[in-house]
Amino acid sequence: MRIQSTRCHLITYSTSVFATEWSAEDVKPFVTDGCTASPDGSWVHCCYEHDLLYWIGGDFEARLKADDQLRTCMNASDGPGEVYYGFVRAGGMEGWGKAWPNNNRKQDLTAEEIELIQAERDLWISLGRPSTFTFVLLETTIFSELTHQQTDLLRDYFRPYIESDLHQEMVRRYIRATGELPLFVEMLH
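Below you will find a few notes about this structure. No experiment lies behind these values; they were computed from the predicted model shown.

Calculation rules
Just so you know, the residues in each chain are numbered from 1, in the order the chain's sequence is written. Only residues with pLDDT of at least 70 get local features here, since the model is predicted, and only at 80 or more are side-chain atom pairs given and counted; chain-wide, interface and lining totals rely on the full set of residues. Values shown for side chains rest on all heavy atoms present in the structure; no hydrogens or waters enter the calculation. Orientation is described by lines fitted to C-alpha atoms, with helices fitted over the stretch in contact, and by angles between N-to-C directions that extend from 0 to 180 degrees. Here a helix means four or more residues in a row that DSSP labels H or I, a strand means two or more in a row labelled E, and each is numbered from the N terminus. Here is the rule for angles: anything less than 35 degrees is roughly parallel, anything more than 145 is roughly antiparallel, 65 through 115 is roughly perpendicular, and the remaining ranges are oblique. Note on convention: the crossing is left-handed when the near helix lies turned anticlockwise from the far helix by less than a right angle, right-handed when the turn is clockwise. Here, residues are in contact when the closest pair of their heavy atoms is within 4.5 Å. Gly counts as polar in this scheme, as do all residues outside two lists: the nonpolar Ala, Val, Leu, Ile, Met, Phe, Trp, Tyr, Cys and Pro, and the charged Asp, Glu, Lys and Arg. A helix's residues, less one, multiplied by 1.5 Å, set its expected span. The buried label goes to any residue with under 20% of its type's maximum accessible area, the exposed label to any with over 50%, and the partly exposed label to all in between, with areas taken from a 1.4 Å probe on protein chains only. Working note: the arc is built from the helix axis to C-beta atom directions. One side-chain nitrogen of Lys or Arg within 4 Å of one carboxyl oxygen of Asp or Glu is enough to make a salt bridge. Stacked, tilted and edge-to-face pairs are distinguished by plane angle, under 30 degrees for stacked and over 60 for edge-to-face with tilted covering the rest, among Phe, Tyr and Trp rings (Trp via its six-membered ring) whose centres lie within 6.5 Å. Definition of nonpolar core: a set of buried residues of the types Ala, Val, Leu, Ile, Met, Phe, Trp, Tyr and Cys, connected through side-chain atoms within 4.5 Å.

**Some points on the packing of helix α1 (residues 44-56) against helix α7 (residues 165-178)**
Step number 1: As a packed pair, α1 and α7 sit with axes 8 Å apart at the nearest point and diverge in direction by 115°. Regarding the angle of α1 to α7, the classification is roughly perpendicular. The two elements α1 and α7 cross, and the hand of that crossing is left-handed. Contacts between α1 and α7 involve V44, H45, Y48, E49 and L52 from the former and L166, H167, M170, R173, Y174 and A177 from the latter.
Step number 2: Across the contact of α1 with α7, the residue classes break down as seven nonpolar, two polar and two charged.

Quick look at the structure:
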């Protein structure tokens, strides 16, 4: 998946309703470019898994787990796991949940929720953190859990990719490096 680096500004949310029913037409294509904007190295399989997990999306905890898996896999593959982890935690929020319209985010935040997010942003800035950092409250407030229906749609969508040489090679490399199955295997197979 190609993740554009963008600033994480506080978004002014519309009053559009957060969708709860999805169709196959709602699923956006999965695209990977390996380790976005950097050399792929011997750890490209780690970036592939991360791209897939970012495409799938989910709640705040799912994103933390995806980023932690990237770090663990890269460290096991002699890659710069800590560096990549810092990059994705600081700037990856915009790339999360790309399979879905609006990145599967709640669009109808209350005035109180927006005020709390703004307060957290102001605190980060006052501590000297750049405004491009991802804010925990923002993520926990707007990221939604995947429904069973969404997971089923993704399984159906991804089924043709499972047999591809690229996918099979990335899974093999991941298992060799970490001794574990990638997280997406359980989700999509």
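**Some remarks on α7**
Step number 1: The end-to-end C-alpha distance of α7 is 20 Å, a good match for the 20 Å that 14 residues give at a rise of 1.5 Å each.
Step number 2: Along α7, the residues that are buried comprise H167, M170, V171 and Y174. Buried residues of α7, viewed axially, fall in a sector of 100°; they line one side. Among the exposed residues of α7, those oriented more than 90 degrees off its buried face are D165 and R176.

**So, the pattern of salt bridges**
Where charged atoms from two side chains of opposite charge come close, those side chains can pair.
Step number 1: Under the criterion given, the structure shown has 13 salt bridges.
Step number 2: In this structure, R105 and E94 form a salt bridge, with 3.9 Å as the shortest nitrogen-oxygen distance. Of this pair, R105 sits in the loop between α3 (81-91) and α4 (111-126) while E94 is found in the loop between α3 and α4, placing the two residues 11 residues apart along the sequence.
Step number 3: On the basis of relative accessible area, E94 is assigned to the partly exposed category, the value being 23%.
Step number 4: Counted as one network, the salt bridges with shared partners bring together R63, D67, R89 and E139.

**Brief notes about the packing of aromatic side chains**
Each aromatic ring pair is described using two quantities: the centre-to-centre distance and the angle formed by the ring planes.
Step number 1: On inspection of all chains with the given rule, the structure shows 12 aromatic pairs.
Step number 2: When the ring of Y48 is compared with that of F184, the centres are 6.0 Å apart and the planes differ by 80°; the resulting orientation is edge-to-face. Within this pair, whereas Y48 is found in helix α1, its partner F184 is found in helix α8 (residues 183-188), the two being separated by 136 residues in sequence.
Step number 3: The buried category is assigned to Y48, whose relative accessible area is 4%.
Step number 4: Taken together, a centroid distance of 5.8 Å and an interplanar angle of 25° make the contact between Y157 and Y161 stacked. Taken together, the positions of Y157 and Y161, both in helix α6 (residues 148-162) and four residues apart, correspond to about one turn of that helix.

**What about the nonpolar core?**
Step number 1: If you look at the biggest cluster of nonpolar residues, it comprises 40 residues, and the most contacted ones within it are L52, W55, L154, F158 and F184.
Step number 2: Going through the elements one at a time, α1, α2 (60-76), α3, α5 (136-142), α6, α7 and α8 are the ones with two or more residues in this core.
Step number 3: It is α1 that provides the largest number of residues to this core, a total of nine residues.

**Side note on unusual backbone geometry**
Step number 1: Of note in the backbone geometry, D78 takes a positive phi value of approximately 60° without being a glycine.
Step number 2: With respect to the secondary-structure elements, D78 resides in the loop between α2 and α3.
Step number 3: Classification of D78 as exposed rests on a relative accessible area of 70%.
Step number 4: Look at N102: it is not a glycine, yet its phi comes out positive at around 55°.
Step number 5: Tracing the backbone through its elements, the reader meets N102 in the loop between α3 and α4.
Step number 6: The class of N102 is partly exposed, set by a relative accessible area of 47%.

Interpretation note: all reported values are geometric properties and have no functional meaning in isolation.
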